[in-house]
Amino acid sequence: MKQGSAKARPLCGAAAVAALVAAVALSSCGGGPGGPQPIPTGGHAMGAMAQLVLDGMTAEQALAAQGYATATQADVPPWFDAEVLPASRCEGCFAAEDWQVVGLSMSGAADEVFDSLLADLAERGWCAYESGIDHAATLTKEEGEAQWMMMQCATIGGSTSVVLQLSRSSC
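Criteria and cut-off values
- Residues numbered from 1 in each chain as written.
- Predicted model: local features only at pLDDT ≥ 70, side-chain atom pairs only at ≥ 80, totals over all residues.
- Heavy atoms only, no water.
- Helix = DSSP H or I, 4+ residues; strand = E, 2+ residues; numbered from the N terminus.
- Buried < 20%, exposed > 50% of the residue type's maximum accessible area, 1.4 Å probe, protein only.
- Contact = heavy atoms within 4.5 Å.
- Areas by Shrake-Rupley, 256 points an atom, 1.4 Å probe, with all protein chains shown as cover.
- pLDDT = per-residue confidence, 0-100.
- Salt bridge = Lys/Arg side-chain N within 4 Å of Asp/Glu carboxyl O.
- Phe/Tyr/Trp six-rings, centres within 6.5 Å; stacked < 30°, edge-to-face > 60°.

1. Details of the overall build of the chain
So, step 1. Helix and strand counts for the chain come out as five helices and seven strands.
So, step 2. For the chain, buried positions account for 39% of its 171 residues.
So, step 3. Within the chain, contacts between residues separated by at least 24 positions form 50% of all contacts whose residues are at least 6 apart in sequence.
So, step 4. Of the accessible surface of the chain, which amounts to about 8,600 Å², a share of 55% is contributed by carbon and sulfur atoms.

In structure tokens, the structure reads:
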């Protein structure tokens, strides 16, 4: 992620927190194949993360306290780079240790980012299915390390927050 002004950085951090809070909430609502997936941070993670921010932690500190870390291109696992998004698009994202939940902040409106990501993912073999929620889809593919994913995009501040929740075949 490019470094912006001091005023822009909190918005990106807030977008990442909102994205990952949503992902943690979604992970308790059904998950991928095999039924419900455990919340990666334990019970009431959404409330805990929000409370940490309200208590004065930065977005990065709150995410780290819940098991997420800021990633650079070098941190992106090879399977994610090859099958989901290229490492170059993941600079500054937040990811769970196992990369099954990833939050990104991208420029552009949610509908534009969503459509662009769907096109990129289709080129990598992903088939998208409408979710009934604006700018959200469930995606599957026939082979590879990751074969199921939920993606949702939401405009937050001046950028779009993207949450990817994946189910990996090796987990």
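Next comes the rest of the description.
2. Topic: the confidence of the model for the chain
So, step 1. Summarising the model, the chain shows a mean pLDDT of 77, and 71% of its residues fall at 70 or more.
So, step 2. The secondary structure element of the chain with the lowest average pLDDT is helix 1 (residues 8-27), at 46, and the one with the highest is strand 5 (residues 136-140), at 96.
So, step 3. Note on residues 1-15: pLDDT under 50 across the span, and 13 contacts to partners over four residues away in sequence or across chains.
So, step 4. Segment residues 21-44: pLDDT under 50, and 37 contacts once partners within four positions in sequence are set aside and those in other chains are kept.

3. Notes on unusual backbone geometry
So, step 1. Of note, the phi angle at Trp-99 is positive, near 60 degrees, even though the residue is not glycine.
So, step 2. Following the sequence through the fold, Trp-99 ends up in the loop between strand 2 (94-96) and strand 3 (101-106).
So, step 3. The backbone of His-135 sits at a positive phi, close to 60 degrees, despite the residue not being glycine.
So, step 4. Inspection of the secondary structure assignment puts His-135 in the loop between strand 4 (127-130) and strand 5.

4. Points about the pattern of salt bridges
So, step 1. Enumeration over the complete set of coordinates arrives at three salt bridges.
So, step 2. The salt bridge involving Arg-89 is made with Asp-120; its shortest N-O contact spans 2.1 Å. Here Asp-120 lies in helix 5 (residues 110-123) and Arg-89 lies in the loop between helix 4 (78-83) and strand 2, a separation of 31 residues in the sequence.
So, step 3. By relative accessible area, which is 28% here, Arg-89 ends up partly exposed.
So, step 4. Notably, a salt bridge pairs Arg-168 with Glu-145, separated by 2.9 Å at the nearest N-O pair. A residue pair is termed long-range when its members are at least 10 positions apart, and Arg-168 in strand 7 (residues 159-168) and Glu-145 in the loop between strand 5 and strand 6 (146-156) qualify at 23 residues.
So, step 5. Overall, the relative accessible area of 17% leaves Arg-168 in the buried class.

5. With respect to the packing of aromatic side chains
So, step 1. A complete count under the given rule lists two aromatic pairs for this structure.
So, step 2. Each ring, one from Trp-79 and one from Phe-80, has its centre 5.7 Å from the other, and the planes form 75 degrees; the classification is edge-to-face.
So, step 3. An aromatic cluster is defined as three or more aromatic residues linked by ring pairs; in this entry it consists of Trp-79, Phe-80 and Trp-99.

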